[in-house]
Amino acid sequence: MPTHILVVGGGIGGLSAALALSRGGHRADVFEQAPAFAEIGAGIQMGPNVTRRLAQLGLAEGLEAIAARPDALVVQSAGSGAELARLPLGDAMRERYGAPYLCVHRADLHALLLEAVRARGRGTLVTDARIAQVETSDDLVCISSSGARAWEGEALIGADGLWSLARQRLDVPSAAEPPRATGHTAWRAMAEQAVLPQALRRGRIDVWLGPRLHAVAYPVRGGAWLNVVVIAESAPAGDARDWDQASSLAALQKATGRSGRALQALLEAMPGWRAWTLSDRPPLACAAEMAHERVALVGDAAHPMVPYLAQGAGMAIEDSVALAEALGQGDAADVPAAFARYAEARWQRNALVQAKARRNGRIFHAAGAVRLGRDLAMRTLGARLLDQPWLYGG
């Protein structure tokens, strides 16, 4: 008999899990705390390891319709603008790894996943469901919302992000520990390429590295829009998730004051900025931090990471496919063993990505002698340093 699975969280991770599980014949009900299934945010870079999994979920054609395919990744100095290294993407990436390197808008990918989940018709999509309690027994899981509603199933997938409630059901001391504030702030903005000066339009991924900061710009929405992200070691006072345009731009210019005129011109050309404070958790230490009995976690609920490897959404998608593969067509009695297999198969790769993302942050934001050594290594090794076979081929 198909397993009845409750998926807490209707973002990219939750919908990916629901889609993967439904393709295996299971019923996956998705619970979203917002009044509607929607996604905010900006762009996502997706390496071949991620686009390969989305193709497994039957989304290759839809993905091509919404994505931009950058032709190269170019790393530059934030101060001088000098090129440090370049990695060909486009056809070269597909030929090497069997899948493309794509850039998408987060909302477009979310909509594609939501449409696919609805088309499968194997579960219920529930909105306005802010889950307040999770209970488990030998055979069942039960979740209840702050609105005095309750649901029962045979397994629970926690895709509820950084402050996951489902995480608290794990049998490890770290389950109750709060996330770590990194002291870094991310500013994000988007603009239609057609309204930007020609010199600021891009069909590639541009990265600028500076002391205590870096910036990234790349096309999304088939290349019609440009996504720009700046991350600086500049923690704002209070909650930075709802800054207005003026205060965000002023704070951003203060944080990037040492960067060159070319980067500043791009920042000033963007029509509006939003700021987010960044948090993460230490790299996973064991499989028990991803699953326990009838509860399994995907994405940020298990392994939130800083965005210096551009793999946060990617690891959630990888998790989802691996989870469905571990469960296969097993019934409810197989869930604990299947979840244990899933966690054992995934935790070390996720831990490695978390650790390398932190390491990249230190390298990207280096100053002094370390910065000089980094720049020399990039100029010398170029694409060999930027390519990630262990990641894209995995």
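Everything that follows concerns the structure shown earlier in this document.
No experiment lies behind these values; they were computed from the predicted model shown.

Criteria and cut-off values
Residues numbered from 1 in each chain as written. Predicted model: local features only at pLDDT ≥ 70, side-chain atom pairs only at ≥ 80, totals over all residues. Heavy atoms only, no water. Phe/Tyr/Trp six-rings, centres within 6.5 Å; stacked < 30°, edge-to-face > 60°. Helix = DSSP H or I, 4+ residues; strand = E, 2+ residues; numbered from the N terminus. Buried < 20%, exposed > 50% of the residue type's maximum accessible area, 1.4 Å probe, protein only. Axes fitted to C-alpha atoms, helices over the stretch in contact; angles between N-to-C directions. Parallel < 35°, antiparallel > 145°, perpendicular 65-115°, else oblique. Left-handed = near helix turned anticlockwise from the far one by under 90°. Contact = heavy atoms within 4.5 Å. Nonpolar A, V, L, I, M, F, W, Y, C, P; charged D, E, K, R; others polar. Expected span 1.5 Å × (residues − 1).

(A) Main features of the packing of aromatic side chains. Scanning all chains against the criterion turns up four aromatic pairs. With centroids separated by 5.7 Å and ring planes inclined at 75°, the aromatic side chains of Y97 and Y392 adopt a geometry described as edge-to-face. Here Y97, found in helix 4 (residues 90-97), pairs with Y392, found in helix 12 (residues 389-392); they are 295 residues apart in sequence, far enough to count as distant. What makes Y97 buried here is its relative accessible area of 11%. Each ring, one from Y308 and one from F364, has its centre 6.2 Å from the other, and the planes form 80°; the classification is edge-to-face.

(B) Region of interest: the packing of helix 1 (residues 12-23) against helix 5 (residues 106-120). Across the interface, helix 1 lies against helix 5 with an axial gap of 9 Å and an inter-helix angle of 30°. It follows from the interaxial angle that helix 1 and helix 5 lie roughly parallel. The handedness of the crossing between helix 1 and helix 5 comes out as left-handed. For the pair formed by helix 1 and helix 5, the contact residues are I12, L15, S16, A18, L19, S22 and R23 on the first element and R106, L109, H110, L113, L114, A116, V117 and R120 on the second. Of the residues assigned to the contact of helix 1 with helix 5, the class counts are nine nonpolar, three polar and three charged.

(C) Spatial organisation of helix 8 (residues 312-327). The terminal C-alpha atoms of helix 8, which comprises 16 residues, lie 23 Å apart, in line with the 22 Å expected from a rise of 1.5 Å per residue. Most of helix 8 is tucked away, with 14 of its 16 residues classed as buried. Backbone geometry just after helix 8 places G328 at a positive phi near 55°.

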